[in-house]
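Fold and contact review
Listed below, chain by chain, are the residues.
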Amino acid sequence: MQKDIFIGDVQSGDHDGQQIELKGWINRTRGSNKIWFVVLRDSTGRIQCVAKREDVGDDTFEALKGALIESSVIITGTVNVDERSEGGHELVVDSATIVGPVNPENPFPITESAMANAEGGETEFLLDNRHLYLRTARMTQMLKIRSSVFGAIHGYFRDREFTEYQAPNFVAGAVEGGSTLFEVPYFGRKVYLTQSWQLYAEAAMPALERLYTVAPSFRAEKSRTRRHLTEFWHAEMEIAWAGNEDVMVHGEGVVRHIAQTLLDERSDELTELGRDLELVARYADNPYPRIRYDEAIETLQGMGVDIEWGQDLDYSKEKVLTKDFDVPHFLTHYPRIAKPFYHRPDPDDPKYVLCHDLLAPEGYGEIIGGGERTWSEQEIIERLEEEGTPREPYEFYIDVRKYGGVPHGGFGLGVDRVCSWLSGADHIREVIPFPRDSRRVTP
RNA sequence: GCCGUGUUAGCUUAGUUGGUGGAGCGGCGGACUGUUAAUCCGCAGGUCGCAGGUUCAAAUCCUGCACACGGCGCCA
């Protein structure tokens, strides 16, 4: 029952002249009453199958001719090298079995016209039919790129003796501002879906010292932008005995490793999606500069942007700032008043915190947020009070600092954002199979 | 929460100063022995988002509503 032969291998020339069996789905058909062409698709590629009525007989010929797009079929035949066929190979059909037919009353809805406008952002129709859109070439390429990004993240951390560690998804307290939490009924109480693995990772930091995860995070932001999802995949790391600069080294390291992995594993897919490989290579090969928040403010003010010291950098300002960047840049040392309690104030000047954001070029914006953590009990209590944040949900977090607190830090990386940026997608929705935003939870 | 745009066949869309809604793709039937988004002929398929209003007459003008999309704030 398992299949032995994949179309990609046939197109590579592994089966020239052989009699083989192919299993797949019908992608296109065309032909006449005497000769019928079926373009067969599987997860590895497409190949044209040619059936001649005089060779296959009337029954097989009519069965193939009546099989609609996306019917699943088993076709046997001989592999023929032929320049006229896409990919240089074709299958001369001996016999064919329709495994899963498609009813003409409900033909496959993802037509050429439905796809025509999809490249500039996906239409409502394609989002409604996401479960079927997944099998188109474009989504297949995106999903393979996504898989390589996930693999690269695990590879980077595991190669450097990080331990993969899991945190709960039901939590009692916020990491970011309280307004972005999803409430969940929980046996008569209210709990929240996690926004980040970080606080629970800090608890395990004294045990594991170097730890990471790739997991979903949830944020109830009503954002309607090309960079936001309510459920997104978050790659986070935490490292003991480390400062802001040490953490940035890993942030830069993992992002450059992802870019290099895509060049090694997915250059065909990137090219087919229209991505310029030279850009991806630039992101893999070059160091990412660091700029302090104060420098960024001065630069923006010099450009005539209306911004004052102490303001966080919103997207419109990020965009102006990164306009001339040709690689990602780290922005460091934000004002203390602009960042949450867990960021450690800079001992050299407590107006600032030891933090960093990594801003991607081409208008993709922030892909990493991280920094050094507030690690003494005294300091974390001060920071919570200063912010007006209630202590109760964070008692465990404070408790951890009573017993051998050490300097440490970490970052969170938006995996979907990285997929979007490196693949050159127009919208973050394009890189995740079933995107969730403030309006859409189906299919 | 705010600003903007839109909703016509399964899909993509045309529709002029208000006067009985057209096309391409997809589907069905037919022709065609090498097609490449095949081509050619024919057929079916429409509560013009919903509810009111103006008018002899509304897809078209007015009001309200719904939904969608784009963008902003916030962030990864």
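Refer to the structure printed above.
Structure report, in brief. (Residues numbered from 1 in each chain as written. Chains lettered and ligands numbered in written order. Predicted model: local features only at pLDDT ≥ 70, side-chain atom pairs only at ≥ 80, totals over all residues. Heavy atoms only, no water.)

**Regarding the pairing of strand E14 (residues 355–360)**
- Among the six residues that make up E14, six are buried, leaving the element largely enclosed by the rest of the structure.
- Side-chain alternation along E14 places Cys 355, Asp 357 and Leu 359 on one buried face and His 356, Leu 358 and Ala 360 on a second face that is also buried.
- Relative to E14, strand E13 (residues 329–332) is paired through four bridges, and the arrangement is antiparallel. Opposite Leu 331, over in E14, you have Asp 357 as the bridge partner.
- Pairing of E14 with strand E15 (residues 365–372), which is carried by six bridges, proceeds in the antiparallel orientation. Of the residues in E15, the one forming a bridge with Cys 355 is Gly 371.
- Taking the residues between adjacent antiparallel strands as the criterion, E14 and E15 are bridged by four residues, where Glu 362 takes a positive phi near 65°. (Buried < 20%, exposed > 50% of the residue type's maximum accessible area, 1.4 Å probe, protein only. Helix = DSSP H or I, 4+ residues; strand = E, 2+ residues; numbered from the N terminus. Pairing = 2+ DSSP bridges.)

**With respect to the packing of helix H9 (residues 244–265) against helix H11 (residues 277–285)**
- For the pair H9 and H11, the least separation of the axes is 7 Å and the interaxial angle reads 140°. Between H9 and H11, the angle falls in the class oblique. Judged by the sense of rotation from one axis to the other, the crossing of H9 with H11 is left-handed. The segment H9 lies against H11, with Arg 256, Ala 259, Gln 260 and Leu 263 engaging Leu 277, Val 280, Ala 281, Tyr 283, Ala 284 and Asp 285.
- Partitioned by chemical class, the residues of the contact of H9 with H11 number seven nonpolar, one polar and two charged. (Axes fitted to C-alpha atoms, helices over the stretch in contact; angles between N-to-C directions. Parallel < 35°, antiparallel > 145°, perpendicular 65-115°, else oblique. Left-handed = near helix turned anticlockwise from the far one by under 90°. Contact = heavy atoms within 4.5 Å. Nonpolar A, V, L, I, M, F, W, Y, C, P; charged D, E, K, R; others polar.)

**Some details on the packing of aromatic side chains**
- Throughout the structure, instances matching the rule amount to 17 aromatic pairs.
- An aromatic cluster is defined as three or more aromatic residues linked by ring pairs; in this entry it consists of Tyr 200, Phe 341, Tyr 342, Tyr 394, Phe 396 and Tyr 397.
- Directly above the aromatic system of Tyr 156 lies the positively charged group of Arg 160, at a separation of 3.7 Å from the ring centroid.
- A cation over an aromatic ring shows up here: Arg 227 above the ring of Tyr 315, its NZ or CZ 3.5 Å from the ring centre. (Phe/Tyr/Trp six-rings, centres within 6.5 Å; stacked < 30°, edge-to-face > 60°. Lys NZ or Arg CZ within 6 Å of the ring centre and 35° of its normal.)

**A closer look at the protein's contact with RNA strand B**
- Taken together, 53 residues sit near RNA strand B, with Arg 30, Ser 223, Arg 226, Ile 367 and Arg 417 positioned nearest.
- The sugar-phosphate share of atoms of RNA strand B within 4 Å of the protein amounts to 51%.
- Within the side chain of Arg 227, a nitrogen or oxygen atom sits 3.1 Å from a base nitrogen of RNA strand B.
- Interatomic distance of 2.8 Å between a side-chain N/O atom of Arg 429 and a phosphate oxygen of RNA strand B. (Near = heavy atom within 4 Å. Polar contact = N/O pair within 3.5 Å; in protein donor to acceptor, adjacent residues only side chain to side chain.)

**Topic: the environment of Glu 221**
- By the element assignment, Glu 221 lies in the loop between strand E10 (210–218) and strand E11 (231–240).
- Once the C-alpha coordinates of Glu 221 and Asp 437 are considered, the two residues, 216 residues apart in sequence, prove to be 8.5 Å apart.
- For Glu 221, the residues in contact, after removing those within four places along its chain, are Thr 180, His 228, Thr 230 and Ser 438.

**With respect to the environment of Gly 100**
- Among the structural elements, Gly 100 can be located in strand E5 (residues 89–100).
- Taking the C-alpha atoms as reference points, Gly 100 and Pro 435, separated by 335 residues in sequence, lie 28 Å from one another.
- Setting aside residues up to four positions removed in sequence, Gly 100 forms contacts with Ser 71 and Ser 72.

**Topic: the pattern of salt bridges**
- Scanning the model with the defined rule gives 30 salt bridges in all.
- One salt bridge in this structure joins Asp 128 and Arg 440, with 2.9 Å as the shortest N-O distance. Residue Asp 128 is found in helix H5 (residues 124–128), and its partner Arg 440 is found in the segment after helix H16 (415–423); the two are separated by 312 residues along the sequence.
- For Asp 128, a relative accessible area of 38% gives the class partly exposed.
- A relative accessible area of 16% places Arg 440 in the buried class.
- Its salt-bridge partner being Arg 391, residue Glu 395 comes within 3.4 Å of it at the nearest N-O pair. (Salt bridge = Lys/Arg side-chain N within 4 Å of Asp/Glu carboxyl O.)

**Let's talk about the sheet that holds strand E9 (residues 189–193)**
- Taken together, the three strands give an open sheet; going across it, the order is E7-E9-E8, and neighbouring strands pair in antiparallel fashion. Looking at strand neighbours, the two that pair on one side only are strand E7 (170–171) and strand E8 (183–186), the edges of this open sheet.
- Inspection of the sheet shows E7 paired to E9 by two bridges, in the antiparallel sense. For Val 171, the partnering residue across the bridge sits in E9 and is Tyr 192.

Interpretation note: all reported values are geometric properties and have no functional meaning in isolation.
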